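Examining the three-dimensional arrangement
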Amino acid sequence: MERKRLEKIERLLQKELGDLFLLQTKGTRGTLISVTSVRVSPDLSVAKAYLSIFPSEKGTELLDAIEFNKKTIRYDLGQRVRLQLRKIPELIFYPDDSLDYVENIDRLLNK
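Quick look at the structure, then. (Residues numbered from 1 in each chain as written. Predicted model: local features only at pLDDT ≥ 70, side-chain atom pairs only at ≥ 80, totals over all residues. Heavy atoms only, no water.)

1. Focus: the overall build of the chain
Counting secondary structure elements, the chain contains 4 helices and 3 strands. Walking the chain from its N terminus toward its C terminus, one meets helices and strands in the order α-β-β-α-α-β-α. If one aligns the C-alpha atoms of the chain with their principal axes, the spans along those axes are about 50 × 35 × 20 Å. Per-residue burial over the chain gives 34% buried out of 111 residues. Long-range contacts, defined as pairs at least 24 residues apart, comprise 58% of the intrachain contacts of the chain with a sequence gap of at least 6. Here the chain contributes 20 positive and 17 negative side-chain charges, whose respective centroids are spaced 7 Å apart. (Helix = DSSP H or I, 4+ residues; strand = E, 2+ residues; numbered from the N terminus. Buried < 20%, exposed > 50% of the residue type's maximum accessible area, 1.4 Å probe, protein only. Contact = heavy atoms within 4.5 Å. Lys, Arg positive; Asp, Glu negative; His and termini not counted. Charge placed at Lys NZ, Arg CZ, Asp CG, Glu CD.)

Spelled out as structure tokens, the structure:
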């Protein structure tokens, strides 16, 4: 039962973070940030968000900007989910490089 509740919270946070990043990157052409998954600790104190950034060359630059604005992102997230969650978890962002990994495997297989 507890796991099902955590999964619902993870999906909610993933959707809302994705919407936030979509609004943030709407002004910049050629940049896309998607939230591939969110993992929440059982006590809801920490949420690990995995971000896929396109193009991957801008990945470190955008991840640094996200880290710099982490408090603002958490506040905006809190405004969106304030009716569903009492406690807004601390956000930790990680790059999701699974697409780069798949691309590398395809390139190696084609050689």
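2. A few points about a negative patch on the surface
Taken together, Glu 57, Asp 97, Asp 100, Glu 103 and Asp 106 make up a surface patch of like negative charges. Of note, Glu 103 is situated in helix H4 (residues 98-110). (Patch = residues over 30% accessible without salt bridge, like charges linked within 9 Å, V, L, I, M, F, W, Y side chains within 5 Å. Areas by Shrake-Rupley, 256 points an atom, 1.4 Å probe, with all protein chains shown as cover. Salt bridge = Lys/Arg side-chain N within 4 Å of Asp/Glu carboxyl O.)

3. Remarks on the side chain of Thr 25
Along the chain, Thr 25 turns up in helix H1 (residues 2-25). In this structure, Thr 25 is in contact with Thr 31 and Ile 33, ignoring residues within four places of it in sequence.

4. A few points about unusual backbone geometry
Residues Phe 54 and Pro 55 are joined by a peptide bond in cis, for which omega reads -5°. Despite not being glycine, Leu 44 shows a phi value in the positive range, around 60°. Tracing the sequence through the fold places Leu 44 in the loop between strand S1 (32-40) and strand S2 (46-54). Among the residues examined, Leu 44 registers a relative accessible area of 13% and is labelled buried.

5. Things to note about the packing of aromatic side chains
Here the structure, examined in full by the defined rule, presents 2 aromatic pairs. Between Phe 21 and Phe 93, the ring centres sit 5.9 Å apart and the planes meet at 70°, which makes this aromatic pair edge-to-face. Placement of Phe 21 in helix H1 and of Phe 93 in strand S3 (residues 90-95) is noted, with a sequence separation of 72 residues between them. Comparing Phe 21 with Phe 93 shows no difference in burial state: the two are buried. An angle of 25° between the planes, with centres 5.4 Å apart, marks the rings of Tyr 50 and Tyr 94 as stacked. One end of the pair, Tyr 50, is in strand S2; the other, Tyr 94, is in strand S3, and 44 residues separate them in sequence. For Tyr 50, a relative accessible area of 26% corresponds to the partly exposed category. (Phe/Tyr/Trp six-rings, centres within 6.5 Å; stacked < 30°, edge-to-face > 60°.)

6. Section: the nonpolar core
Membership of the largest hydrophobic core comes to 26 residues, with the highest contact counts inside it found for Leu 17, Phe 21, Leu 51 and Phe 93. Of all the secondary structure elements, the ones that give two or more residues to this core are H1, S1, S2, helix H2 (59-68), helix H3 (70-81) and S3. Here the element with the most residues in this core is H1; it accounts for 7 residues. The residues contacting Leu 51, other than those within four sequence positions of it, are Phe 21, Ile 33, Ser 34, Val 35, Thr 36, Leu 63, Ile 66, Phe 93, Tyr 94, Pro 95 and Asp 96. (Core = buried A, V, L, I, M, F, W, Y, C linked by side-chain atoms within 4.5 Å.)

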